[in-house]
Amino acid sequence: MSVRRCCGVPSEYVPTRPSFEEADLAAAAGLLAQRHRAHRKRHPLLPADYEDERLALVEVTAAWEAEGASGAVMVEAGEVTGYLLAAPKPSPVWGANVWVEAAGHAVREPEHIRDLYGAAASRWVDDGRTAHYVLVPDDAELLDAWFRLAFGSQHAHAVRPTPDSLPEPTGDLSVRRALRADIPVLAELDLALPRHQALSPVFSAGELPTLEEAVADWEESIDDPDYATFVASYNGQVIGSSVGCSLDKSSLHNGLAKPDNAGFLGFAAVLPSARGLGAGRALGEAVLRWSAETGYTSVVTDWRVTNLLSSRAWPRLGFRQTFHRLHRLIGH
């Protein structure tokens, strides 16, 4: 067994040349298609297309051709049995980073991802890229291998089928489509979520818009037919909101992580003073109901796993985690 570094970094195992070459792509695509077939046995709502090596090849090629991409390839008896590819994202929110996307890694043996990371990560750190992110399928052995590389769970991707029926809220709680008159509280709720994410135990560093910016955004977008915005009211007072749309609108969910014909629960928030009344669940159910009525066959959402509210609410609503975004910060 040998591990070959990509991008021409010298090592004692291979000549000093880029090791992940065009000739490696077909083998990598075969490994990715195999991984995806096993993944879909647990999560059949994920797209079947990438079980086809030809379409898996498109995803691996995109990872390889991403600007700044680098990684490693494992070869046993002349056969590629694992690969790892990562590329940086320009957003300052993620720090000096590299990202391994859903198509950026596949191995025949889960333990070997540790060897591949060991070969690839030294280049990333030498380049000053110390914030490492990886999107890992919901596979216990593969997750364990990444955890033993000092990665921790940061973010969840999840899916569920659309429901046949859901009960409407009862009592003093009600849910309806948002109106222009709701814009002031919708803007306030836009700030409530990132404020909550900035608190313990999430400590998110996401940017916080001003209330004026949030109002202006809603003034422009509230009539957009591509988005379904709902508000929850308690005793006639709006206390929360949620937004549903096509999953095509999300840049976070793509490729192997993007189910076919899926709706997206893209936003949900409840005012801090009104939490515990059941509004969050009712708002999530409103998006599920809308997705079914629109003709979608599944609904996707995602959440920070350190957000104690969403990480409990959405699984209780039937969402099953398909991918785990893991994170490691070097030197801390």
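Treat the numbers as computed from the prediction; the structure is a model and nothing was measured. (Residues numbered from 1 in each chain as written. Predicted model: local features only at pLDDT ≥ 70, side-chain atom pairs only at ≥ 80, totals over all residues. Heavy atoms only, no water.)

### Describing the packing of aromatic side chains
- Following the criterion strictly, the structure yields 8 aromatic pairs and no others.
- When the ring of Tyr 117 is compared with that of Phe 151, the centres are 5.4 Å apart and the planes differ by 80°; the resulting orientation is edge-to-face. Here Tyr 117 is found in helix H3 (residues 112-126), whereas its partner Phe 151 is found in the loop between helix H4 (140-147) and strand E7 (152-161), with 34 residues between them in sequence. Considered together, Tyr 117 and Phe 151 belong to a single accessibility category, that of buried residues.
- Each residue in the set Tyr 117, Trp 124, Trp 146 and Phe 151 is aromatic and connected to the rest through ring pairs, giving one cluster.
- Lying across the ring of Trp 99, Lys 89 places its NZ or CZ 3.7 Å from the centre. (Phe/Tyr/Trp six-rings, centres within 6.5 Å; stacked < 30°, edge-to-face > 60°. Helix = DSSP H or I, 4+ residues; strand = E, 2+ residues; numbered from the N terminus. Buried < 20%, exposed > 50% of the residue type's maximum accessible area, 1.4 Å probe, protein only. Lys NZ or Arg CZ within 6 Å of the ring centre and 35° of its normal.)

### Remarks on the sheet that holds strand E4 (residues 97-100)
- Pairing is mixed across the open sheet formed by 9 strands, whose spatial order is E4-E6-E13-E7-E12-E11-E10-E9-E8. The two strands at the open ends of the sheet, each matched to only one other strand, are E4 and strand E8 (173-177). The mean inter-strand angle of the sheet, taken between neighbouring strand axes irrespective of direction, is 20°.
- Pairing between strand E9 (residues 227-234) and strand E10 (residues 237-246): 8 bridges, direction antiparallel. The partner of Tyr 227 across the bridge, within E10, is Cys 245. (Pairing = 2+ DSSP bridges. Axes fitted to C-alpha atoms, helices over the stretch in contact; angles between N-to-C directions.)

### Concerning the pattern of salt bridges
- This structure, assessed with the given rule, holds 15 salt bridges.
- Of the charged contacts, one joins Arg 54 and Asp 52 as a salt bridge, the two residues approaching to 2.7 Å between their closest N and O atoms.
- Put simply, Arg 148 and Asp 144 hold a salt bridge, and the shortest N to O gap is 2.9 Å.
- Looking at Arg 148, the relative accessible area reads 41%, which means it is partly exposed.
- Each of Glu 111, Arg 114, Asp 144 and Arg 148 takes part in a single network of salt bridges with overlapping partners. (Salt bridge = Lys/Arg side-chain N within 4 Å of Asp/Glu carboxyl O.)

### A closer look at helix H2 (residues 53-65)
- Between its terminal C-alpha atoms H2 stretches 18 Å, which fits the 18 Å expected from 13 residues at 1.5 Å a residue.
- Of the positions making up H2, those classed as buried are Ala 56, Glu 59, Val 60, Thr 61 and Ala 63.
- Tucked inside the fold, the buried residues of H2 contact helix H1 (25-42) and strand E3 (79-86). (Expected span 1.5 Å × (residues − 1). Contact = heavy atoms within 4.5 Å.)

### So, helix H7 (residues 279-294)
- Here H7 contains 16 residues, and its C-alpha end-to-end distance of 22 Å stays within 8% of the 22 Å for a straight helix at 1.5 Å per residue.
- Taken together, the buried positions of H7 are occupied by Ala 279, Ala 282, Leu 283, Gly 284, Glu 285, Ala 286, Val 287, Leu 288, Arg 289, Trp 290 and Ser 291.
- In the segment just after H7, Gly 295 is the residue with positive phi, at about 105°.

### Regarding the environment of Ser 153
- The residue Ser 153 is located in strand E7 in this model.
- We classify Ser 153 as partly exposed; its relative accessible area is 33%.
- Taking the C-alpha atoms as reference points, Ser 153 and Val 136, separated by 17 residues in sequence, lie 9.9 Å from one another.
- Here Ser 153 is in contact with Phe 147, Val 305, His 324, Arg 325 and Leu 326, once residues within four sequence places are set aside.

### A word on the packing of helix H5 (residues 183-198) against helix H6 (residues 211-221)
- Where H5 meets H6, the closest approach of the two axes is 8 Å, and the angle between their N-to-C directions is 125°. Classified by the angle their axes make, H5 and H6 are oblique. In the crossing of H5 with H6, the sense of the turn from one axis to the other is right-handed. Along its contact with H5, which presents Ile 183, Leu 186, Ala 187, Glu 188, Asp 190 and Leu 191, the element H6 presents Leu 211, Ala 214, Val 215, Trp 218 and Glu 219.
- For the contact of H5 with H6, the per-class residue count stands at 8 nonpolar, no polar and 3 charged. (Parallel < 35°, antiparallel > 145°, perpendicular 65-115°, else oblique. Left-handed = near helix turned anticlockwise from the far one by under 90°. Nonpolar A, V, L, I, M, F, W, Y, C, P; charged D, E, K, R; others polar.)

### Structural notes on the side chain of His 324
- Summarising the element assignment, His 324 is placed in strand E13 (residues 320-329).
- Residue His 324 is classed as buried on the basis of its relative accessible area, which comes to 11%.
- Separated by 2.9 Å, the side chains of His 324 and Gln 321 make a polar contact.
- The contacts of His 324, once residues within four sequence positions are left out, are Val 134, Leu 135, Val 136, Pro 137, Asp 138, Leu 143, Ser 153 and His 155. (Polar contact = N/O pair within 3.5 Å; in protein donor to acceptor, adjacent residues only side chain to side chain.)

### Here's the deal with the side chain of Ser 70
- Along the chain, the position of Ser 70 falls in strand E2 (residues 70-76).
- Side chain to side chain, Ser 70 and Trp 124 meet in a polar contact 2.8 Å long.

### Some remarks on the packing of H3 against H4
- It is at 8 Å that the axes of H3 and H4 come closest, and there the two elements cross at 35°. Seen along the crossing, H3 lies across H4 with a hand that is right-handed. Each of Ile 113, Arg 114 and Tyr 117 in H3 lies in contact with H4, whose residues at this interface are Leu 142, Ala 145 and Trp 146.
- The residue makeup of the contact of H3 with H4, split by class, is 5 nonpolar, no polar and 1 charged.

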